[in-house]
Amino acid sequence: MADRHIPPPHPRKEPRVNVPLTADGIAQVFEGCADFGRRTLYLGDNPDRAIEMLYIVGQVRNERASDYVLRPLTQCKDLAEVNTLDEAYDRMAKGCLYSLAVSERTTADQVVFDLVNGWVALFFPGKDKVLTLMTATEEKRSISPPDNEPDVKGARDCFVESVRTNTSLVRRRLRAPELRVGETFVGRQSVTPVDILYIKGIADPQLAQQVEERVRAIDIDAMLMTGNLEQYMVGQEARTPFPMSFYTERPDRFCAGLAEGRVGVLVDGIPMGWLFPATLDSFYRTGQDRSTSWMVASALSVLRYLCMLVTLFLPGLYVAAVLYHPELIPVKLMLSIIAAKADVPFSTLAEVLVMLIAFEVVQEAGLRLPTAIGQTVSILGGLVVGSAAVEAKLVSPAVLVMVAIAGIAGYTAPSQDFSGALRLWRFGITLAAGVAGLIGLVLAGMALVYHLATLESFGVAYLTPFASCGGSGERGHVVFRQPLPWVKTRPRYLNPQNRRNQG
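Residues numbered from 1 in each chain as written. Predicted model: local features only at pLDDT ≥ 70, side-chain atom pairs only at ≥ 80, totals over all residues. Heavy atoms only, no water.

**Focus on the pattern of salt bridges**
As a working rule, side chains carrying opposite charge can pair if their charged atoms are close by. Going by this rule: Think of a salt bridge as a Lys or Arg side-chain nitrogen and an Asp or Glu carboxyl oxygen that are within 4 Å of each other. Here a strand is any run of E in DSSP of at least two residues, a helix any run of H or I of at least four, and the numbering for each starts at the N terminus. Residue exposure (1.4 Å probe, protein chains only): buried if accessible area is under 20% of the type maximum, exposed if over 50%, otherwise partly exposed.
What the rule picks out here adds up to 19 salt bridges. The closest approach of N and O atoms between Asp219 and Arg188, which form a salt bridge, is 3.0 Å. Of the two residues, Asp219 sits in the loop between α7 (205-216) and α8 (226-234) while Arg188 sits in the loop between β6 (179-186) and β7 (192-199), which places them 31 residues apart along the sequence. For Asp219, a relative accessible area of 29% translates into the label partly exposed. Judged by its relative accessible area of 16%, Arg188 falls in the buried class. The partner of Glu212 in a salt bridge is Arg216, with the nearest N and O atoms 3.1 Å apart.

Structure below.
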């Protein structure tokens, strides 16, 4: 089994480091680096028995290097009594140094990556092997409550930037020995550890292999942003604004996905986990759905799906009704709309589009500014500017209210990526309604359903389990949640026998 700490050399750059396996050779690699450290140590205060210790300041924890390496080297009686450096090497490799992880390295590549990962390297004169010891610092952000996925009755921890801390959070919840954690490295320069997690015997082995192959196929300079993983993983499936991967910052939701049979991905430096495959229903689930009464959870689930229809079709329905089908609107309401529009110089379609664009502008401004200023901008944009636009007869009050309802309804989607795709389609549906009325609205809705029906995520239809449940008994888990004691099976569309493999 390959050493976990040493990434395999990239096929286009082999070997990565081409220097002699000596202290001077490794020093050439880090020439000009202010954080590179080198010390000469004497065993038993004997200058004839000198070894070189190399390390990188900031990656090494000073207390560990001092207690696990320096103190034993200077105070261990067994090392002071040895006659040769070869004997000292053997004793260090077998326990004289107080480090849990000790490795023998035979190539410069291995030593360089150990140093970068926070290990110290011990070089012995005339020896063609190097001892490296784990003394890495574990400085990281402490585990805190999730900010973007709050849950009243759920756990209070979330993923952090350390991939090994994240895997420990998963292990605490899934203690089964069948949990598999594989690791690969992505990025020519960043050499970022990426872990693939699944439960053997539950997840489809072909799905796990396919996810691992796509991770290994990522060829970029640095894996630093979430989009680096998402966009490379979906590949040819990216011809859509809808997200093809489901991510979460909550370890409990991540573990629930693994228990269903999905495959998870964790990236070092990114405080979230991805689950594959992604289906439409996964973007409208919340962790609180399984923490509350099944009747309350079902009612809230129905409300979220109704809000999805409202944010998509309400602006287009208003435009179609006012321009082409006024008989659909009650007489008193229609008279009120006509009176309000009497002094507005723009058409109904232009009003709605302008207000939708203005809503997006205000939202983007609120997101990009600091929290306190962003809230102020949102309030000013929503209240002051909106009221001033109505009083100035630039837009009618009905349009302002309708756009506000559609915008607020879109915020009920648990996934903001999915909500962004709905907002994009909302513009297209509104334009279609402005051109052809209800016929255009219906045709645009059919085009949306057709588009969703053509999408697949790792061989699973995007509309699963709405359009295809892979067997009976799945539809009750989508909109209406059944009481948990009634749920006896896992989602069948993740079963290897029911899942279509894309290859």
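Next comes the rest of the write-up.
**Quick word on the packing of aromatic side chains**
For clarity, the cut-off: Only Phe, Tyr and Trp rings take part, Trp by its six-membered ring, and two of them pair if their centres are within 6.5 Å. Stacked means planes under 30 degrees apart, edge-to-face means over 60, and tilted covers everything else. By definition, being over a ring means that NZ of Lys or CZ of Arg is both within 6 Å of the ring centre and within 35 degrees of the ring normal.
Going through the model one piece at a time under the given rule, you end up with 12 aromatic pairs. Both rings, one in Phe30 and one in Phe36, keep their centres 5.3 Å apart while their planes meet at 10°; by these two values the pair is stacked. Per residue, the accessibility class of Phe30 equals that of Phe36, and both read buried. Grouped by ring-pair contacts, the aromatic residues Phe242, Phe246, Phe283, Tyr284, Tyr305, Phe418 and Tyr462 constitute a single cluster. Its end group placed over the ring of Tyr89, Lys127 keeps NZ or CZ at 4.7 Å from the ring centre. Sitting over the ring of Phe458, Arg214 keeps its end group 4.3 Å from the ring centre.

**Looking at the sheet that holds β6**
What counts here: For two strands to be treated as a pair, DSSP must find no fewer than two bridges joining them. Axis lines are fitted to C-alpha atoms, over the contacting stretch for helices. Their N-to-C directions set the angle, which ranges from 0 to 180 degrees.
What the 5 strands build is an open sheet, ordered β6-β7-β9-β10-β8; its pairing is antiparallel. The outermost strands of the open sheet, each flanked by one partner alone, are β6 and β8 (246-248). Pairs of neighbouring strands in the sheet enclose a mean axial angle of 25°, with direction left out of account. By the bridge criterion, 8 bridges tie β6 to β7 in an arrangement that is antiparallel. Within β7, the position partnered with Gly182 by the bridge is Ile196.

**A few points about the packing of helix α10 (residues 294-323) against helix α15 (residues 416-453)**
In plain terms, the rule: Any angle that falls under 35 degrees is termed roughly parallel, while one over 145 is termed roughly antiparallel, one within 65 to 115 roughly perpendicular, and all others oblique. Crossings are assigned a handedness: left-handed for a near helix turned anticlockwise from the far helix by less than a right angle, right-handed for a clockwise turn. In this classification, the charged set is Asp, Glu, Lys and Arg, the nonpolar set is Ala, Val, Leu, Ile, Met, Phe, Trp, Tyr, Cys and Pro, and all remaining amino acids, among them Gly, are polar.
Contact geometry of α10 with α15 gives a least axis separation of 8 Å together with a crossing angle of 30°. Taken together, α10 and α15 sit at an angle that is classed as roughly parallel. Two packed elements cross with a definite hand, and for α10 against α15 that hand is right-handed. Its residues assigned to classes, the contact of α10 with α15 comprises 16 nonpolar, 6 polar and 1 charged.

**Looking at a nonpolar patch on the surface**
Here is the rule: Exposure above 30% relative accessible area and the absence of a salt bridge qualify a residue for a patch, where like charges join within 9 Å and nonpolar side chains (Val, Leu, Ile, Met, Phe, Trp, Tyr) within 5 Å. The Shrake-Rupley method, run with a 1.4 Å probe, gives the accessible areas here. Residue values count only the displayed protein chains as cover.
On the surface, Ile439, Val442, Leu443 and Met446 cluster together into a nonpolar patch covering about 420 Å² of accessible area. Along the chain, Leu443 turns up in helix α15. Overall, the relative accessible area of 52% leaves Leu443 in the exposed class.

**Focus: the environment of Arg250**
This is how it is decided: The criterion used for residue contact is that any of the two residues' heavy atoms lie within 4.5 Å. Two N or O atoms form a polar contact when they lie within 3.5 Å of each other; inside protein one atom must be a possible hydrogen donor and the other a possible acceptor, and for residues adjacent in sequence the pair counts only when both atoms belong to side chains.
Relative to the helices and strands, Arg250 is located in the loop between β8 and α9 (251-260). For Arg250, a relative accessible area of 2% corresponds to the buried category. Considered as a pair, Arg250 and Asp151 are 99 residues apart in the sequence and their alpha carbons are 9.8 Å apart. Setting aside residues up to four positions removed in sequence, Arg250 forms contacts with Pro146, Glu149, Pro150, Asp151, Gly154, Ala155 and Phe159. Polar contacts involving the side chain of Arg250 include one to the side chain of Asp252, which spans 3.1 Å.

**Side note on the sheet that holds strand β5 (residues 130-134)**
Sheet architecture is open: 5 strands sit in the order β1-β2-β4-β5-β3, paired in antiparallel fashion. With partners counted over all chains shown, the strands left at the sheet margins are β1 (36-42) and β3 (102-105), one partner each. Between one strand and the next, the sheet's axes are offset by a mean angle of 25°, whatever the strand orientation. Sitting on the sheet, helix α4 (residues 85-96) touches β2 (50-56), β3, β4 (119-123) and β5, and the angle it makes with β5 is about 30°.

**Considerations on α7**
Here is the rule we go by: Any helix carries an expected span of 1.5 Å times its number of residues minus one. Directions pointing from the helix axis toward each C-beta atom define the arc.
Between its first and last C-alpha, α7 extends 16 Å over 12 residues, near the 16 Å set by a 1.5 Å rise per residue. For α7, the set of buried residues is Leu207, Ala208, Gln210, Val211, Arg214 and Val215. When α7 is viewed along its axis, its buried side chains cluster within an angular range of 160° and face the same direction. Contacts made by the buried residues of α7 are with β6, β7, α8, β9 (263-267) and β10 (273-276). The N-capping residue of α7, defined by a side-chain oxygen 3.1 Å from the backbone nitrogen of Gln206, is Asp204.

**A few points about the nonpolar core**
What counts, and what does not: We define a nonpolar core as any set of buried Ala, Val, Leu, Ile, Met, Phe, Trp, Tyr and Cys residues linked to one another through side-chain atoms lying within 4.5 Å.
Counting residues in hydrophobic clusters, the biggest one holds 41 residues, and the most contacted among them are Val170, Phe242, Leu258 and Phe418. Where this core is concerned, the elements lending two or more residues are α6 (163-173), β7, α9, α10 and α15. Apart from the residues lying within four places of it in its own chain, the contact partners of Leu258 are Val170, Leu174, Leu179, Leu197, Tyr198, Ile199, Ile202, Val263, Gly264 and Leu275. In this structure, Leu41, Leu73, Tyr89 and Val120 belong to the second largest nonpolar core, which totals 23 residues.

**What to know about helix α2 (residues 62-75)**
Quick note on the threshold: Working definition for bend: take the seven residues up to and ending at a residue and the seven starting at it, fit an axis to each, and measure the angle between the axes.
By the largest-angle criterion, Val69 marks the main kink of α2, which is about 25°, and a proline, Pro72, follows within four residues. Listed as buried for α2 are Arg64, Ala65, Val69, Leu70, Pro72 and Leu73.

**Digging into the pairing of β3**
Taking every second residue as pointing to the same face, the buried face of β3 carries Ser103 and Arg105, while none of Val102 and Glu104 on the other face is buried. Pairing analysis gives 4 bridges linking β3 to β5, with the strands arranged antiparallel. In the strand pairing of β5, Glu104 is matched with Leu131.

**Observations regarding the confidence of the model for the chain**
Note the cut-off: pLDDT expresses, on a scale from 0 to 100, how confident the predictor is about each individual residue.
Here the chain averages 82 in pLDDT, and 87% of its residues register 70 or above. Residue range residues 469-476 is modelled with pLDDT below 50. Its contacts to residues more than four positions away, or to other chains, number 19 contacts.

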